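Read off the chains here:
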Amino acid sequence: MAYHKIVVPPDGEKITSLAQPLNIPDHPILMFIEGDGIGRDIMTASLRVWNAAVEKAYGGKRKIAWMEIYAGEKAAKLYDGNYMPQETFDALREFVIGIKGPLTTPVGGGFRSLNVTLRQVLDLYACLRPVKYYPGVPSPMRDPEPVDVTVFRENTEDVYAGIEYAAGTAENEKLARFLREEMGAKFFEGSGLGIKPMSAFATKRLMRFALRYALERKRKSVTIMHKGNIQKYTEGAFRNWCYEVAREEFAEYTVTEDELWEKYNGQAPEGKIVIKDRIADIIFQHMLLRPAEFDVVITPNLNGDYLSDALAAQVGGVGIAPGANIGDSVMLFEATHGTAPKYTDQDKVNPGSLLLSGVMMLEFMGWWEAAQLIIQAYERTLAQKVVTYDFARLMDGATEVKTSEFASAIIQHMNG
Ligand code: NAP
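Bear in mind the structure is a predicted one, so any value in this text is a computation, not a measurement. (Residues numbered from 1 in each chain as written. Predicted model: local features only at pLDDT ≥ 70, side-chain atom pairs only at ≥ 80, totals over all residues. Heavy atoms only, no water.)

Q: I would appreciate a short explanation of the overall build of the chain in the present structure.
A: Across its full length, the chain carries 14 helices and 15 strands. When the 416 residues of the chain are sorted by exposure, 55% land in the buried category. The long-range share in the chain, meaning contacts at least 24 apart out of those at least 6 apart in sequence, stands at 72%. Within the structure as shown, the chain displays about 19,100 Å² of accessible surface, and the carbon and sulfur contribution to it stands at 51%. Taken together, the 46 basic and 54 acidic charged side chains of the chain have centroids lying 2 Å from each other. (Helix = DSSP H or I, 4+ residues; strand = E, 2+ residues; numbered from the N terminus. Buried < 20%, exposed > 50% of the residue type's maximum accessible area, 1.4 Å probe, protein only. Contact = heavy atoms within 4.5 Å. Areas by Shrake-Rupley, 256 points an atom, 1.4 Å probe, with all protein chains shown as cover. Lys, Arg positive; Asp, Glu negative; His and termini not counted. Charge placed at Lys NZ, Arg CZ, Asp CG, Glu CD.)

Next up, the structure:
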């Protein structure tokens, strides 16, 4: 495909599909969207670290051919005010793996949110948030070490489907009449009304993905988070559909918590993943008091939104929490925080969230050596208390450095 503003690197090779097993060439074209606000600072810093790690790990045999694509304010400047140009979607569909910085939601620009648009248009149905404690990171917990959880959040339905009717509108009154007169529902006059659709289709494809991930990474359990005791036909159905996938499609590799005690005396047999479920409210307490009991967690959209930020807070906050939005044909890794506009171009903020999202991307590509190098160097840098302002203000005896200096410190540790 011909592009207007996007320059396809001539020395790069295209990743043609996400079909498993992934076939990644040695010089893959990977896309990046710089992002608004602090995006430029954290992307510049992270690109240096990713490139250094790949060079160190593979001595030039493998090299990423980066291709910039545009969204947000940078796109608006290049494409006559268009914050989300069509060719950005075209490139994402053609080159399949990319990473993005945070994007401002233009006020009155016609989009609810650029991020939501990307997820919906590209059907990025799984939101992944690995949440792991790194020694030295300031945490409000007494014992954060055991926190190592990957949240699979459903990304396309639930109350995010946007089916809502404001009180006092004709649509609301029509729906209210239908619910009262034809369905026998009872609720207060003048209520705002929202619909929460949850399907077997969307739930099951997410559960398949979570189980494949858990198997490949040799994780021990998959916990289904739901509020099925109250919302039986949405959240309760989510729970049931998840169990159905485990039972019907992964029987050989899974065991339920009940079976674990009935048949195996509480010890999962080698190679089997334990499937359990927990109610959405109590899981927050368990995550704080018994985090070691959780490994992979699968959640509907809204629960996952709450849980992933709460979990991130346990291990250092959204400034370092990585993320990805993944579908069957496109993977988009991303910083999970926003554009923090007051810090724009100050070379000040923590690049951790974007940096670790890139580590996750390298892991998905099977470039484990490069990913591991970054993690080790990141841990060594933290151990020396060399950190950006956000951590420095929470640590005694820290050396506060700029975004770019933090990246340099990691690269030094990688090479030293
Ligand atoms: P935010 O940009 O995440 O910033 C809130 C605060 O979080 C910052 O003031 C800063 O705290 C801290 N923070 C964020 N990123 C950090 C980093 N890398 N290092 C250190 N500290 C960091 O949230 P917001 O102010 O609510 O949103 C601003 C804009 O971002 C909005 O336009 C919103 O729509 C957009 N947004 C985009 C995404 C996305 O693209 N995925 C996500 C969320 C929000 P201190 O003030 O304490 O230093």
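Q: Mind showing me how you'd approach the site of the ligand here?
A: Looking at the ligand, there are 22 residues lining it, with Gly338, Ala340, Lys342, Tyr343 and Tyr389 nearest. Between the ligand and Gly338 there is a distance of 2.7 Å, counted from an oxygen atom to a backbone nitrogen or oxygen. Within the backbone of Ala340, an N or O atom sits 2.7 Å from an oxygen atom of the ligand. Look at the ligand: alone it shows 880 Å² of surface, and the protein chains cover 67% of it. When contributions to the shell around the ligand are tallied by element, the ones reaching two or more residues are strand S13 (331-335) and helix H13 (389-392). (Near = heavy atom within 4 Å. Polar contact = N/O pair within 3.5 Å; in protein donor to acceptor, adjacent residues only side chain to side chain.)

Q: I tried to follow the sheet that holds strand S8 (residues 221-226) on my own but got confused; where do I start?
A: By definition, the strands of a sheet pair up through backbone hydrogen bonds, in either a parallel or an antiparallel sense. One open sheet accounts for 11 strands, arranged S2-S1-S3-S13-S12-S4-S5-S11-S8-S10-S9; its pairing is mixed. With one partner strand each, in any of the chains shown, strand S2 (65-68) and strand S9 (254-256) form the two edges of the open sheet. Here the average twist between neighbouring strands, direction ignored, is 25°. With 4 bridges connecting them, strand S5 (residues 148-154) and strand S11 (residues 296-299) associate as parallel partners. (Pairing = 2+ DSSP bridges. Axes fitted to C-alpha atoms, helices over the stretch in contact; angles between N-to-C directions.)

Q: What am I meant to see in the environment of Thr399 here?
A: Secondary-structure assignment places Thr399 in strand S15 (residues 399-400). Looking at Thr399, the relative accessible area reads 42%, which means it is partly exposed. Residues Thr399 and Val159, spaced 240 residues apart in sequence, show a C-alpha to C-alpha distance of 44 Å. The contacts of Thr399, once residues within four sequence positions are left out, are Lys385, Val386 and Val387.

Q: Help me understand the packing of aromatic side chains in this model?
A: The description of an aromatic ring pair uses the distance of the two centres, along with the angle that the planes make with each other. As enumerated under the stated definition, the model contains 12 aromatic pairs in all. Looking at Arg153, its charged tip hangs above the ring of Tyr160, at a distance of 5.2 Å from the centre. (Phe/Tyr/Trp six-rings, centres within 6.5 Å; stacked < 30°, edge-to-face > 60°. Lys NZ or Arg CZ within 6 Å of the ring centre and 35° of its normal.)

Q: Even after reading the chapter, I still don't get the nonpolar core, so can you show me in this structure?
A: Here is a general trend for soluble globular proteins: nonpolar side chains tend to be buried in one another's company. If you look at the biggest cluster of nonpolar residues, it comprises 102 residues, and the most contacted ones within it are Ile97, Leu128, Ile298 and Phe333. Per element, the largest residue contribution to this core is 10 residues, and it comes from helix H1 (residues 39-58). Every residue in contact with Ile97, bar those within four places of it in the chain, is listed here: Ile15, Leu18, Ile24, Leu30, Met31, Met331, Phe333, Met361 and Met365. (Core = buried A, V, L, I, M, F, W, Y, C linked by side-chain atoms within 4.5 Å.)

Q: Just to check I follow, could you spell out the side chain of Lys100 for this structure?
A: Relative to the helices and strands, Lys100 is located in strand S3 (residues 97-100). With relative accessibility at 2%, the residue Lys100 sits in the buried group. At a separation of 2.6 Å, a polar atom in the side chain of Lys100 contacts the side chain of Asn115. A polar contact is formed between the side chain of Lys100 and the side chain of Glu334, at a distance of 2.9 Å. Residues within four places of Lys100 in sequence aside, it is in contact with Ile33, Met43, Asn115, Leu118, Leu332, Phe333, Glu334, Ala335 and Leu354.

Q: How should the pattern of salt bridges be read in this particular structure?
A: Opposite charge on two side chains permits pairing when their charged atoms draw close. Here the structure, examined in full by the defined rule, presents 24 salt bridges. A salt bridge links Arg205 to Asp123; the nearest nitrogen and oxygen atoms lie 2.9 Å apart. Taken as a pair, Arg205 in helix H6 (residues 200-216) and Asp123 in the loop between helix H4 (114-121) and strand S4 (126-132) lie far apart in primary sequence, 82 residues in all. Given a relative accessible area of 9%, Arg205 falls into the buried group. (Salt bridge = Lys/Arg side-chain N within 4 Å of Asp/Glu carboxyl O.)

Q: Any chance you could explain the packing of H1 against helix H12 (residues 368-383) here in plain terms?
A: Describing two packed helices takes the angle between their axes plus the distance from one axis to the other. Running from N to C, H1 and H12 cross one another at 120°; their axes reach a closest spacing of 8 Å. Comparing their axes, H12 and H1 come out oblique. As for the relative orientation of H1 and H12, their crossing is right-handed in sense. Taken together, the residues of H12 that come into contact with H1 (itself represented by Val49, Trp50, Ala53, Val54, Lys56, Ala57 and Tyr58) are Trp368, Glu369, Ala370, Leu373 and Ile374. (Parallel < 35°, antiparallel > 145°, perpendicular 65-115°, else oblique. Left-handed = near helix turned anticlockwise from the far one by under 90°.)

Q: Would you explain H6 in this entry?
A: Side chains three or four residues apart in an α-helix point the same way, a direct result of the helix having 3.6 residues per turn. In a regular helix each residue adds 1.5 Å, so 17 residues correspond to 24 Å; H6 covers 24 Å between its end C-alpha atoms and thus fits that length. For H6, the set of buried residues is Ala202, Thr203, Lys204, Arg205, Leu206, Met207, Phe209, Ala210, Leu211, Tyr213 and Ala214. Positioned one or two residues after H6, Lys218 has a phi angle of 55°, which is positive. (Expected span 1.5 Å × (residues − 1).)

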